[in-house]
Amino acid sequence: MEEGDECGGHIGPDAGHGGHIGPGGAEAAAALHPETVAVTAGRGGLPGAPGAPGAPLNVPPTFASTFRDADTVRYGRWSNPTWEALEDALGALEGGTALAFSSGQAAVAAVLATLEPGTTVVHPADAYLGTRELLTVAAGHSGLHGRAVDVTDTGAALAAMSAVDGPACLWLESPTNPTLGIADLPGLLAAATRSGVTSVVDNTFATPVLQRPLDWGASVVVHSATKYIGGHSDLLLGITVATDRARHAALLAHRTREGAVPGVMEAFLALRGLRTLPVRMERQQATAAVLAARLEGHPAVTRVRYPGLASHPGHTRALAQMRGFGAMIAFDVPDAAVADQVVASVRLAVPTTSLGGVETTIERRSRWPGDAHVPPGLLRLSVGLEHAEDLWADLAGALGSVRRHADGG
Ligand SMILES: *Cc1c(COP(=O)(O)O)cnc(C)c1O
């Protein structure tokens, strides 16, 4: 018997993941708004813990590698009450059963590793570069094949899916990174379900606040909780959410076997971050809308990619399937040199990779060899919680200094 199976059996449905979709879980949460679920979920389930008179409101971090035997046996690589609080909350928000991993990349790797050997993974040509790296580098060992497609082109994605000979997986991101393309998630996921194709949505950019892919039939949702869920640029953590018990069990067995488990403090901080995710997303996307509109009118900017703009090719689709347009913007300036000058000139936005934090961050995405296909002057902006006018002054100042520089030779 595999260790993961064994631990699943020992823990039993009451303390383990199989059973903790109860009060405070997906079913009870279904009637509540995400803002409420983000605050209330993941506070129960511990004997004598939150909910009992005198107990702390939050599930405290439980630093433990091992636990005294009780009705169930628990070891720190199998489960931890702090992870479970986070998993309960994310499961409730996404509408499935969640598992926490050491990083987003570990969660992505776990999903790929639990696909049937020989599976062809149809994925966005501009999928997160770590995902593409796993598909190309690790695929050799795991027998997976990657097939890149423009997922905003529904016909092309469906054709790629039906051209697969053998087991297939449809891997989706929407909005895509970094070009912010919008895929027809409801349509593609319904088609995958009809043809028995496993479907995965990396929901890192949109978060469950803006879209819930499991409701459209996705087999698994993955997250880099490092980004919006944690939200404060102080942790690495990954999440998978599945509705099917067997798939969840396979992911749990994989996590237990491979050991890519999250740190207790990281799980605690990620849940703390999650409490404010809806309100952060609301403000950050409101600011993003202001900045996107102004960038579009700026003479130094050649193109703005933001799903909330009427000029965006995926605008109508985003309007139909998302609860908001998110807080990621990509905008193009004429070339890489100008883009680098903008990054060097901003004072408030932080020049760095990564995204989803309370701080606005900016980077020229084509600086990464894995993103060499991205237009050379494309700048990815993750809009944070600073005041919109301060951010605009910063961006306009940086863009203006570039123009003066160019005008002055
Ligand atoms: C960052 C990111 C990942 C990888 O997550 P880590 O937490 O950095 O390991 C996966 N998918 C997307 C869309 C990301 O932005």
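Residues numbered from 1 in each chain as written. Predicted model: local features only at pLDDT ≥ 70, side-chain atom pairs only at ≥ 80, totals over all residues. Heavy atoms only, no water.

1. Re the overall build of the chain
- Across its full length, the chain carries 15 helices and 12 strands.
- Out of the 409 residues in the chain, the part that is buried amounts to 54%.
- Sequence-distant contacts, at least 24 apart, represent 71% of the contacts inside the chain between residues at least 6 apart.
- Per element, the accessible surface of the chain, about 16500 Å² overall, is 56% carbon and sulfur. (Helix = DSSP H or I, 4+ residues; strand = E, 2+ residues; numbered from the N terminus. Buried < 20%, exposed > 50% of the residue type's maximum accessible area, 1.4 Å probe, protein only. Contact = heavy atoms within 4.5 Å. Areas by Shrake-Rupley, 256 points an atom, 1.4 Å probe, with all protein chains shown as cover.)

2. Quick word on the sheet that holds strand E2 (residues 120–124)
- One open sheet accounts for 7 strands, arranged E1-E7-E6-E5-E4-E2-E3; its pairing is mixed. Single-partner strands in this sheet number two, and they are strand E1 (97–101) and strand E3 (145–149). Neighbour-to-neighbour, the strand axes of the sheet open up by a mean angle of 20 degrees, direction not taken into account.
- By the bridge criterion, 5 bridges tie E2 to E3 in an arrangement that is parallel. Looking at E3, one finds that proline 124 is bridged to valine 149.
- Running at roughly 130 degrees to E1, helix H4 (residues 81–94) makes contact with E1, strand E6 (220–224) and strand E7 (238–242) of the sheet.
- The strands touched by helix H7 (residues 154–162) within the sheet are E2, E3 and strand E4 (168–173), with E3 carrying the most contacts at an inclination of about 160 degrees. (Pairing = 2+ DSSP bridges. Axes fitted to C-alpha atoms, helices over the stretch in contact; angles between N-to-C directions.)

3. A few points about the nonpolar core
- If you look at the biggest cluster of nonpolar residues, it comprises 90 residues, and the most contacted ones within it are Leu86, Leu237, Ile239, Val304, Ile329, Phe331 and Ile362.
- If you tally residues by element for this core, the top one is H4, at 7 residues.
- Inspection of this core shows a minimum of three residues originating in each of domain 1 (2–274) and domain 2 (278–406).
- Not counting the four nearest positions on each side in its chain, isoleucine 362 is found in contact with Phe331, Val342, Val343, Val346, Ala349, Val350, Pro351, Thr352, Leu379, Arg380, Leu381 and Leu395.
- Val108, Val200, Val220 and Leu252 belong to the second largest nonpolar core, which has 21 residues in total. (Core = buried A, V, L, I, M, F, W, Y, C linked by side-chain atoms within 4.5 Å. Domains from an automatic or database assignment.)

4. Let's talk about the confidence of the model for the chain
- Averaged over every residue, the pLDDT of the chain is 90; residues scoring 70 or more account for 89%.
- Contacts of residues 1–25 to residues separated by more than four positions or lying in other chains number 44 contacts, the stretch itself having pLDDT below 50. (pLDDT = per-residue confidence, 0-100.)

5. Digging into the packing of aromatic side chains
- Scanning the model with the defined rule gives 2 aromatic pairs in all.
- A centroid spacing of 6.2 Å and a plane angle of 75 degrees characterise the contact between tyrosine 75 and tryptophan 78, whose relative ring orientation is edge-to-face.
- With 6.5 Å between their ring centres and 70 degrees between their planes, tyrosine 306 and phenylalanine 325 make a pair best called edge-to-face. Here the residue tyrosine 306 occupies a position in the loop between strand E8 (303–305) and helix H13 (315–321), and phenylalanine 325 occupies one in the loop between H13 and strand E9 (328–332), the gap between them amounting to 19 residues.
- Judged by its relative accessible area of 2%, tyrosine 306 falls in the buried class.
- Here arginine 74 stacks its cationic end above the ring of phenylalanine 67, 5.1 Å away from the centre of that ring. (Phe/Tyr/Trp six-rings, centres within 6.5 Å; stacked < 30°, edge-to-face > 60°. Lys NZ or Arg CZ within 6 Å of the ring centre and 35° of its normal.)

6. Quick look at the pairing of strand E12 (residues 378–382)
- The element E12 is largely enclosed, with a buried count of 5 among its 5 residues.
- Every second residue of E12 is oriented toward a common face, with Leu378, Arg380 and Ser382 on one face and Leu379 and Leu381 on the other, all of them buried.
- Summarising the sheet, E9 and E12 pair through 5 bridges and their orientation is antiparallel. Directly across from methionine 328, in E12, lies its bridge partner serine 382.
- As defined by bridge partners, strand E11 (residues 361–364) adjoins E12 across 4 bridges and the pair is classed as antiparallel. Looking at the pairing, arginine 364 lines up with leucine 379 of E12.

7. Quick word on the pattern of salt bridges
- Taken as a whole and judged by the stated rule, the model has 12 salt bridges.
- Its salt-bridge partner being arginine 365, residue glutamate 363 comes within 2.4 Å of it at the nearest N-O pair. For the pair formed by glutamate 363 and arginine 365, the shared burial category is buried.
- Between aspartate 371 and arginine 365 there is a salt bridge, with its nearest N and O atoms 2.8 Å apart. Arginine 365 carries the same exposure label as aspartate 371, and that label is buried.
- What emerges from the salt-bridge pattern is a single network uniting Arg132, Glu363, Arg365, Arg367, Asp371 and Arg380. (Salt bridge = Lys/Arg side-chain N within 4 Å of Asp/Glu carboxyl O.)

8. Re the site of the ligand
- All residues adjacent to the ligand are Ser103, Gly104, Gln105, Tyr128, Asp202, Thr204, Ser224, Thr226, Lys227 and Leu236.
- The backbone of glycine 104 places a nitrogen or oxygen atom 2.9 Å from an oxygen atom of the ligand.
- Backbone polar atom of glutamine 105 to an oxygen atom of the ligand: 2.8 Å apart, as the coordinates give it.
- Surface burial for the ligand is 92%, taken as the share of its 380 Å² of free accessible area covered by protein chains.
- One can see that the ligand is located within the second largest pocket.
- Taken together, the residues of the shell around the ligand sort by class into 2 nonpolar, 6 polar and 2 charged. (Near = heavy atom within 4 Å. Polar contact = N/O pair within 3.5 Å; in protein donor to acceptor, adjacent residues only side chain to side chain. 1 Å grid on protein atoms, 1.4 Å probe; cavity = no way out; pocket = protein on both sides within 12 Å on 5 of 7 lines; lining within 4 Å. Sits in = over half its atoms within 2 Å of the grid points. Nonpolar A, V, L, I, M, F, W, Y, C, P; charged D, E, K, R; others polar.)

9. As for the layout of surface pockets
- Space inside the second largest pocket adds up to approximately 370 Å³.
- Forming the walls of the second largest pocket are 24 residues, and the residues nearest its centre are Gln105, Tyr128, Asn177, Ser224 and Lys227.
- Residue assignment for the lining of the second largest pocket shows that the elements contributing at least two residues are helix H5 (104–113), helix H6 (129–142) and E6.
- Sorting elements by how many residues they give to the lining of the second largest pocket places H5 first, with 3 residues.
- Of the residues contributing to the lining of the second largest pocket, the split by class is 8 nonpolar, 11 polar and 5 charged.
- Each of domain 1 (2–274) and domain 2 (278–406) gives at least three residues to the lining of the second largest pocket. (Points joined across faces, edges and corners; volume = space filled by probe spheres on them.)

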